[in-house]
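# Overview (structure and organization)
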Amino acid sequence: MIPAPFAPDLPSFDRRRLLAMLEQRLPDVFPAAGAVISVSVPLGEMAISTMPLHLPDIWSWARPAEGLTLIGLGAALHREFAESAALAAAVRGLDWRWMGTGDDPPVSFLGHGFGGEDSAGLPCGLLRIPRLLLRQRAGRTDMVFSHAGEGDGEAVRRDWLDAADRLLLALLTPMPELSENCLTRVDETPDAETFHHRVRAATRAIGAGDVEKVVLSRRVTMAGSRPFVPARLAAALAEQHPTCAIFTADFGSRVLVAASPERLVACHGGRIESYALAGTARCDADDPFLGGRLLCSAKDRLEHRLVVGWIADALGGLCETLDVPAEPKRMTLGKLQHLWTPISGTLREGADLLQAAERLHPTPAVAGLPLIAARKLLETLGESRSGWYTGATGWIDRRGDGELAVVLRCALLNGYLAELAAGGGIVAASQPEAEFAETELKLQTMLDALRVA
Ligand SMILES: C=C(O[C@@H]1C=C(C(=O)O)C=C[C@H]1O)C(=O)O
């Protein structure tokens, strides 16, 4: 047995006192057909630096560097959609009633795949209001309880308190010390030779003027020496990549876990932000010039510029003001660094997060340009995306604030198996071997964390 390389502090709180307080503060509820009722109860200051273990049916989202954690247990409302446009319509159509003493509105999780068939069979789009949400934001903690449709008010209250008890108990349970999870690569799609062939075919299509850029990806399946523990993976990723969005989504037998560096769109009180993130290099303390070379690389700057232009066009029509920095910065993430341009603006009256997300997805950082031709080329080359990889997932609150991140640096866990994916933008100057190496480097983020998961 080796101790886990991370040891999140256990929160310290008096579970019985909190439960008694919840029992006292939860009001009488009157469930109604066709409506979702949410009740929020502030808990004051209670640090939750860990993810709950051994609880099925958890969806979570954390931005450790920003002090935001959302842990959802169970579902008051769980709806799956055959297309992502239906997802936005469902959010807009919600009759969502909110009672509570806190300032922060209730939250729904949402997500969707890249588009087209998801070869892992995940639903195309999904909306999920957790039965119980534990939220920590800017040092404040609250619980939000939700129920959809008719029901007996007293039974609903009892069920909420039971869920709160289970969640609090799980938070107080330390992570078990487990041996390192030894990984074996059991499958790779496509293999190296086919990937090289696809890169060459893509650069030929670019040379012929069919597309300017296309993003090719690979899928790798790893087997562990013991089953993977999603909560340990999320905790390890949060420790190693605190500036990323760390999320987990439970699909029954499979759990999606990711540390995404790419903000598709975040909205807060009418302010909106999206990241252009494209152009990648190794990050190595022994070679401090790599960053400078990335900033000067014509190939990477072209890959990047196409994404900046797309985001600026997509958001332009929705915003009163839009700030598009002229020069990219570098984002460093462990062994990787990316060219990064954060684009921000003020939404015009009537525009919202969901509209922005619909316009932005899929950006040329994960699809290509022009979009339709790039999608067609991906299909011709036999690319398939799986497990929501390069889709988007996140949260939205009842006011319309929220965030969606691009599903990258992700693993779909299923017992002993973990399915990973990574890709990269191909432009005219791309070389097959270098592109393959870039995908391996991107996979490394997840492989490092899986060893302790
Ligand atoms: C497609 C991925 O990453 C995207 C592609 C990048 C690139 O081509 O340089 C960089 C960041 C992401 O936008 C991935 O991580 O799988």
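Note that the structure is a prediction, hence the values are computed from the model and not measured.

## What about the overall build of the chain?
Along the backbone of the chain there are 10 helices and 23 strands. Taken over the C-alpha trace, the chain has a radius of gyration of 22 Å; the compact-globule value for 453 residues is 22 Å, and the two agree within 12%. The principal-axis extent of the C-alpha atoms belonging to the chain is close to 70 × 55 × 40 Å. A sequence separation of at least 24 residues applies to 78% of the contacts in the chain between residues at least 6 apart. Here the chain holds 46 positive side-chain charges and 56 negative ones, and the gap between their average locations is 1 Å.

## Details of a nonpolar patch on the surface
On the surface, Val186, Tyr416 and Leu417 cluster together into a nonpolar patch covering about 280 Å² of accessible area. One can find Leu417 in strand E23 (residues 417-426). Taking the relative accessible area as the measure of exposure, Leu417 reaches 38% and is therefore partly exposed.

## What about the domain arrangement of the chain?
If you check the domain split of the chain, you get domain 1 (15-171) and domain 2 (184-450). Inter-centroid distance (C-alpha atoms) of domain 1 to domain 2 is 27 Å. With 45 residues of domain 1 in contact, the opposing surface of domain 2 contributes 48 residues. Interface area for domain 1 against domain 2, summed over the two sides, is near 3900 Å², with a carbon-plus-sulfur share of 59%. With a closest N to O distance of 2.7 Å, Glu403 and Arg63 form a salt bridge. Taken together, the connections running from domain 1 to domain 2 amount to 24 residue pairs in polar contact (both at pLDDT 80 or more). Within the residue set of the side of domain 1 that touches domain 2, elements represented by two or more residues are strand E2 (58-63), strand E3 (68-73), helix H2 (84-92), strand E5 (96-100) and strand E6 (107-112). In terms of residue class, the side of domain 1 that touches domain 2 is made up of 28 nonpolar, eight polar and nine charged.

## Overview of the pairing of strand E13 (residues 255-260)
It is a general feature of regular strands that their side chains alternate between the two faces of the sheet. The buried count for E13 comes to six of six residues, which makes it a mostly enclosed element. Residues Val255, Val257 and Ala259 line one face of E13 and the alternating positions Leu256, Ala258 and Ser260 line the opposite face, and both faces are buried. By the bridge criterion, six bridges tie strand E12 (residues 245-250) to E13 in an arrangement that is antiparallel. Directly across from Ile246, in E13, lies its bridge partner Ala259. As defined by bridge partners, E13 adjoins strand E22 (residues 410-414) across four bridges and the pair is classed as antiparallel. Within the sheet, the bridge partner assigned to Val257 lies in E22 and is Ala411.

## So, the site of the ligand
If you check the shell around the ligand, you find 17 residues, and the closest are Glu262, Leu277, Thr280, Tyr389 and Gly423. Within the side chain of Thr280, one N or O atom sits 2.5 Å away from an oxygen atom of the ligand. Within the contact set of the ligand, an oxygen atom lies 2.6 Å away from a side-chain nitrogen or oxygen of Tyr389. Protein chains shield 100% of the accessible area of the ligand, which is 390 Å² for the free molecule.

## A word on the environment of Leu404
Mapped onto the elements, Leu404 comes out in strand E21 (residues 402-406). A residue is classified by how much of its surface remains accessible, and Leu404, at 3% relative accessible area, is buried. Note: C-alpha distance between Leu404 and Glu177 (227 residues apart in sequence) is 33 Å. Discounting chain neighbours no more than four positions away, the residues touching Leu404 are Trp61, Leu110, Arg263, Leu264, Val265, Ala357, Ala392, Thr393 and Gly394.

## Section: the UniProt feature "domain: Chorismate-utilising enzyme C-terminal" (unreviewed entry) in the chain
Within the UniProt annotation, "domain: Chorismate-utilising enzyme C-terminal" (unreviewed entry) is assigned to residues 192-442. Helix and strand shares over residues 192-442 are 33% and 36% respectively, and the end C-alpha atoms of the span are 15 Å apart.

## Regarding the side chain of Asp118
Relative to the assigned elements, Asp118 resides in the loop between E6 and strand E7 (125-129). Among buried Asp, Glu, Lys and Arg side chains, Asp118 stands out as unpaired, with Arg254 the closest opposite charge at 6.5 Å. A polar contact is formed between the side chain of Asp118 and the backbone nitrogen of Ala120, at a distance of 2.9 Å. At 2.8 Å, the side chain of Asp118 and the backbone nitrogen of Gly387 are in polar contact. Those residues in contact with Asp118 that lie beyond four places of it in its chain are Arg385, Ser386, Gly387 and Trp388.

Rules of the game
- Residues numbered from 1 in each chain as written.
- Predicted model: local features only at pLDDT ≥ 70, side-chain atom pairs only at ≥ 80, totals over all residues.
- Heavy atoms only, no water.
- Helix = DSSP H or I, 4+ residues; strand = E, 2+ residues; numbered from the N terminus.
- Rg over C-alpha atoms; globule rule 2.2 N^0.38 Å.
- Contact = heavy atoms within 4.5 Å.
- Lys, Arg positive; Asp, Glu negative; His and termini not counted.
- Charge placed at Lys NZ, Arg CZ, Asp CG, Glu CD.
- Patch = residues over 30% accessible without salt bridge, like charges linked within 9 Å, V, L, I, M, F, W, Y side chains within 5 Å.
- Areas by Shrake-Rupley, 256 points an atom, 1.4 Å probe, with all protein chains shown as cover.
- Salt bridge = Lys/Arg side-chain N within 4 Å of Asp/Glu carboxyl O.
- Buried < 20%, exposed > 50% of the residue type's maximum accessible area, 1.4 Å probe, protein only.
- Domains from an automatic or database assignment.
- Buried area = accessible area lost by both parts, 1.4 Å probe.
- Polar contact = N/O pair within 3.5 Å; in protein donor to acceptor, adjacent residues only side chain to side chain.
- Nonpolar A, V, L, I, M, F, W, Y, C, P; charged D, E, K, R; others polar.
- Pairing = 2+ DSSP bridges.
- Near = heavy atom within 4 Å.
- UniProt positions renumbered as here; feature names shortened; annotations may be inferred.

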